[in-house]
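One-letter residues, chain by chain:
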Amino acid sequence: MAKPVTQFICSACGAVHKKWSGRCDACGDWNTITEEAPLSAGPGKTSLGAMKGKRIGLTDLRTQETPPPRRTSGMAELDRVLGGGLVPASATLVGGDPGIGKSTLLLQAAASFARAGAKVIYVSGEEATAQVRMRAQRLGLADSAVMLAAETNLRDILTTLEAETPDLAIIDSIQTMWLDTVEAAPGSVSQVRASAHELTSFAKRRGVAVMLVGHVTKEGQIAGPRVVEHMVDTVLYFEGERGHQFRILRSVKNRFGPADEIGVFEMTGMGLAEVTNPSALFLSDRETPAPGSVVFAGIEGTRPVLVEIQALVAPSSLSQPRRAVVGWDGGRLSMILAVLEARAGISFAGLDVYLNIAGGMRISEPAADLAVAAALLSAREDAAVPHDCVVFGEVSLSGALRPVSQAENRLKEAAKLGFSSAIAPAGCKLGADSGVRMQAMTDLPGFVGEIFGA
Ligand code: TYD
Ligand code: MG
């Protein structure tokens, strides 16, 4: 009989290696490779080629009954991120740093779905049922109709779920689950992958919506949910700064709705509260006109959000000045600095540059380029941008400004929050008058001249 070969698997990306090494070649992470036994064939596995496969024409599906509708929880922020509610027979992964509030969010979601008439089972592999109850009491949800279970053996969990067939099953967390057919410790890539596979196929087979919690650790010591991402239908990330009270639920993959949609929550002493007007919240503690502070009119998913971009520019004592960014892409900052230097003749050599997106928000839209450029210039020139002005637009390497999408929605949101002017690239599609005065710019040098009189 052939000797079973052990494998070395990267716990961050799931890549399989023949031998151990300190660094994973596939993802570049250090100390993430661990030794694991290969997946055992398991009982009942038959060879391929059996006559089980069945084909069906797309048009034949029309005659079948229509699928059950999405379930809404009544938590508007959650429903929006899910693309309008939870799809039956789907698997959703909710990832995030430990302690960010995933269990709190899902317990509140479980109670909301139960209140809306769904049969919900919450399986905790981390806390005893009494502890989950205690948390529920603290959240004011103690009399909710959610069923609880504290279990980590997936075989037992599946037996219970098969018997109960709930509408929604929440598994907190996938890293604590283990299958007795897999010879590896709970939390290892093999266990996480096999458990996620069992749960997603259960979801499809029985029409149950399954939500899985997955911890991500920066060190990659516990198998990251990244290996699970491609198995599930929807991937949500719950993010935020530990010191900040804001939490953002972001959809990074959604087979049934738009990706990049966000839901905003605030962590309070009574659990998570929904934030229906994030712009007002992100701008709530904005100081009086200050150099280096610019309001960016952004779009997150389908929703306009105004955020404050702060920059600080100071003489550097280092031979290589510091470039520090929080909430934006460091590479993009270097690009904006280079374009400012090459196209508008404004150099940041010998200056430390710090850039921060206020409120713990993270922005990935290229439309933030112009707002970042404005914040950098404002900090460098020590001149404030008008307090009632929002900025947006993409900057190209040539120094030209490119129009961005949904300009009209951005302006509407700005008007709603009391802004009266906007600086944006010429050529943005605008509809009816939003009440905000547009200053259209075509290139970066023109923008610099107009705003800072350089
Ligand atoms: P938790 O949901 O346990 O995080 P995760 O499941 O992602 O590991 O949240 C833990 C944090 O949330 C903890 O630091 C305390 C905070 N918290 C509140 O501030 N208010 C609350 O009502 C609750 C339940 C938790
Ligand atoms: Mg938890």
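Residues numbered from 1 in each chain as written. Chains lettered and ligands numbered in written order. Predicted model: local features only at pLDDT ≥ 70, side-chain atom pairs only at ≥ 80, totals over all residues.

### Here's the deal with the overall build of the protein
Helix and strand counts for the protein come out as eleven helices and 21 strands. Along the first, second and third principal axes, the C-alpha atoms of the protein reach 75 × 50 × 50 Å. Considering only contacts in the protein between residues 6 or more positions apart, those separated by 24 or more positions represent 66%. (Helix = DSSP H or I, 4+ residues; strand = E, 2+ residues; numbered from the N terminus. Contact = placed C-beta atoms within 7 Å.)

### Some thoughts on the sheet that holds strand E13 (residues 293–300)
On the basis of which strands lie adjacent, the open sheet formed by seven strands has the order E15-E16-E14-E13-E17-E20-E21 and mixed pairing. Of all strands in the sheet, those with a lone pairing partner are strand E15 (323–326) and strand E21 (437–441), marking the two edges. This sheet shows a mean twist of 25° between the axes of neighbouring strands, independent of strand direction. Direction of pairing for strand E14 (residues 303–315) relative to strand E16 (residues 351–357): antiparallel, over a ladder of seven bridges. Looking at E16, one finds that alanine 311 is bridged to leucine 355. (Pairing = 2+ DSSP bridges. Axes fitted to C-alpha atoms, helices over the stretch in contact; angles between N-to-C directions.)

### A few points about the packing of helix H9 (residues 369–381) against helix H11 (residues 444–452)
Orientation of H9 relative to H11, taken along the N-to-C sense of each, is 45°, at an axis distance of 11 Å. One element, H9, and the other, H11, form an angle in the oblique class. Helix-helix and strand crossings are classified by hand; for H9 and H11 the assignment is right-handed. Residues Ala373, Ala374, Leu377 and Glu381 of H9 lie in contact with H11, whose contacting residues are Leu444, Val448, Ile451 and Phe452. Residues belonging to the contact of H9 with H11 are distributed by class as follows: seven nonpolar, no polar and one charged. (Parallel < 35°, antiparallel > 145°, perpendicular 65-115°, else oblique. Left-handed = near helix turned anticlockwise from the far one by under 90°. Nonpolar A, V, L, I, M, F, W, Y, C, P; charged D, E, K, R; others polar.)

### Considerations on the site of ligand 1
For ligand 1, the set of nearby residues contains 15 residues, the closest of which are Gly101, Lys102, Ser103, Thr104 and Gly271. Going through the elements one at a time, helix H2 (102–115) and helix H3 (129–138) are the ones with two or more residues in the shell around ligand 1. Each residue belonging to the shell around ligand 1 can be placed in one class, and the counts come to five nonpolar, seven polar and three charged. (Near = placed C-beta within 6 Å.)

### As for the environment of glycine 331
With respect to the helices and strands, the residue glycine 331 is situated in helix H8 (residues 330–344). C-alpha separation for the pair glycine 331 and glycine 95, spaced 236 residues apart in sequence, amounts to 25 Å.

### Brief notes about the packing of H8 against H9
Following both chains from N to C, one finds H8 and H9 inclined at 65°, their axes separated by 10 Å at the closest point. By the angle between their axes, H8 is roughly perpendicular relative to H9. The chirality of how H8 crosses H9 is right-handed. Packed against H8, whose contacting residues are Leu333, Ile336 and Leu340, the element H9 presents Asp369, Val372, Ala373 and Leu376 at the interface. Of the residues belonging to the contact of H8 with H9, the class tally is six nonpolar, no polar and one charged.

### Here's the deal with the sheet that holds strand E1 (residues 7–10)
Here we have three strands laid out as an open sheet, ordered E2-E1-E3, and antiparallel in their pairing. Since the sheet does not close on itself, it has two edges, and those belong to strand E2 (16–17) and strand E3 (33–36), each with one partner. Here E1 pairs with E2 via two bridges, running antiparallel. By the bridge assignment for E2, isoleucine 9 is matched with valine 16.

### Comments concerning the nonpolar core
Ala110, Tyr122, Ile171, Val210 and Leu212 are the most contacted members of the largest nonpolar core, which totals 70 residues. Element by element, the count of residues in this core is highest for H2, at eight residues. When residues are assigned to domains, this core turns out to be shared by domain 1 (1–38) and domain 2 (70–275), each giving three or more. (Core = buried A, V, L, I, M, F, W, Y, C linked by C-beta atoms within 7 Å. Buried ≥ 20, exposed ≤ 12 C-beta atoms within 10 Å, placed from the backbone. Domains from an automatic or database assignment.)

### As for the UniProt feature "binding site: ATP" (unreviewed entry) in the protein
Look at the UniProt record and you will see "binding site: ATP" (unreviewed entry) annotated at Gly96, Asp97, Pro98, Gly99, Ile100, Gly101, Lys102 and Ser103. Structurally, glycine 99 can be placed in the loop between strand E4 (91–96) and H2. Assessed through the 9 C-beta atoms surrounding it within 10 Å, glycine 99 is described here as exposed. Mapped onto the fold, isoleucine 100 is located in the loop between E4 and H2. Setting aside residues up to four positions removed in sequence, isoleucine 100 forms contacts with Phe238, Glu239, Gly240 and Arg247. (UniProt positions renumbered as here; feature names shortened; annotations may be inferred.)

### Points about the pairing of strand E8 (residues 209–215)
With respect to burial, E8 is a largely interior element, seven of its seven residues being buried. Burial along E8 is two-sided: Ala209, Met211, Val213 and His215 facing one way and Val210, Leu212 and Gly214 facing the other are all buried. Direction of pairing for E4 relative to E8: parallel, over a ladder of six bridges. Note that in E8 the partner of glycine 96 across the bridge is histidine 215. For strand E7 (residues 168–172) and E8, the ladder comprises four bridges, and the chain directions are parallel. When the sheet's bridge partners are listed, isoleucine 171 is paired in E8 with leucine 212. Note that the unit made of E7, helix H5 (residues 189–206) and E8 has a crossover that is right-handed. (Right-handed = clockwise from strand over helix to strand, strands pointing away.)

### Description of unusual backbone geometry
Glycine aside, negative phi is the norm for most residues, and most peptide bonds take the trans geometry. Put simply, aspartate 172 and serine 173 share a cis peptide bond, and its omega is 0°. The topology assignment puts serine 173 in the loop between E7 and H5. Phi angles above zero are rare outside glycine, and glutamine 406 is one such case at about 55°. Looking at where glutamine 406 falls in the secondary structure, it is placed in the loop between strand E19 (401–402) and helix H10 (407–416).

### What to know about the confidence of the model for the protein
Summarising the model, the protein shows a mean pLDDT of 87, and 91% of its residues fall at 70 or more. Among the scores for the predicted complex, ipTM is 0.96 and pTM is 0.81. (pLDDT = per-residue confidence, 0-100.)

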